[in-house]
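# Coordinate analysis (summary)
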Amino acid sequence: MKPEQRRELIVQLVETLGEVHVDALAERYGSSRETIRRDLSALDARGRLRKFHGGARGIAAPGEPGLTEGPLDARLATLRVEKDAIGQRAATLFGEGATLFVDTGSTTIAFARALARRRGLTVISNSSQIAAALAQSDGRHRLYLLGGEIAAEGRETLGALAIQQLQQFTAEHAVLTIGAMTPDGIMDYDLRETELARAMIARAASVTVLADHSKLDRAAVFEVASLGSIDRLVTDRAPSPEMGAALRSAGVEVIVAPVGR
């Protein structure tokens, strides 16, 4: 069977079952697990499915609540103006000398680009793309890139080693992107990303969440933290009345970034 034919069959199976696993696919198609992993990586990169450790899940339709989010390249191209506005506004919140944890995501990448124009910050991140953006600031910031298992897209490190290194630091601020937010709390789609975000929250004095409007009033798979665990939300539109009431009740400051000005 040719690789492209097998990959199309894998996509059809994911659409039918919702989730597939490497071992089962290898047995079904008479291929090695390494071959199936390469298939899943290629399909993930094309946005046909979402790869996770040991298998893959389907991609939710745009705007639909679902159990996955698209690959990073697709997210970087979505709501770009809004994410840039959020990043620029958030960058003004941190003064010289501050120490920040920053996790991986399309909105935190926009934040890092804006932060590169400032100076005197210490940034600890698991994102190679964020580190690269800040490294262009010609030494104006002190940077630490966490090691660990490199995720499928190659843009972030995750897992026990990354968390172990993270625990050697404390920070004034954790700046996090999220997959979703409901009145019950902030959520994500990937367990390992969730675990890293929780570790950052545990070792930071305050938490700032960066989330465009599409993330609000939407649920994901894994709970990262309650609303009471975060201090600020920077977004591009005022939250809905229900979401706004929940944020006020939890004591969360909501900052709406100006878009297109």
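The rules we used
- Residues numbered from 1 in each chain as written.
- Predicted model: local features only at pLDDT ≥ 70, side-chain atom pairs only at ≥ 80, totals over all residues.
- Heavy atoms only, no water.
- Pairing = 2+ DSSP bridges.
- Helix = DSSP H or I, 4+ residues; strand = E, 2+ residues; numbered from the N terminus.
- Axes fitted to C-alpha atoms, helices over the stretch in contact; angles between N-to-C directions.
- Contact = heavy atoms within 4.5 Å.
- Parallel < 35°, antiparallel > 145°, perpendicular 65-115°, else oblique.
- Nonpolar A, V, L, I, M, F, W, Y, C, P; charged D, E, K, R; others polar.

### Description of the sheet that holds strand 10 (residues 180-182)
On the basis of which strands lie adjacent, the open sheet formed by three strands has the order 10-11-13 and antiparallel pairing. Strand pairing shows two members of the sheet lacking a second neighbour, strand 10 and strand 13 (222-225), which therefore form its edges. Along the sheet, successive strands turn relative to each other by an average axial angle of 40 degrees, direction set aside. The sheet contact formed by strand 11 (residues 185-188) and strand 13 spans three bridges and is antiparallel. When the sheet's bridge partners are listed, Asp188 is paired in strand 13 with Phe222. Each of strand 11 and strand 13 touches helix 9 (residues 191-202); the most contacted strand, strand 13, lies at about 15 degrees to it.

### Comments concerning the packing of helix 1 (residues 3-17) against helix 3 (residues 33-45)
Orientation of helix 1 relative to helix 3, taken along the N-to-C sense of each, is 70 degrees, at an axis distance of 10 Å. Judged by the inter-axis angle, helix 1 sits roughly perpendicular to helix 3. Touching Arg6, Arg7, Ile10 and Val11 of helix 1 are Thr35, Ile36, Arg38, Asp39, Leu40, Ala42 and Leu43, all from helix 3. Of the residues belonging to the contact of helix 1 with helix 3, the class tally is six nonpolar, one polar and four charged.

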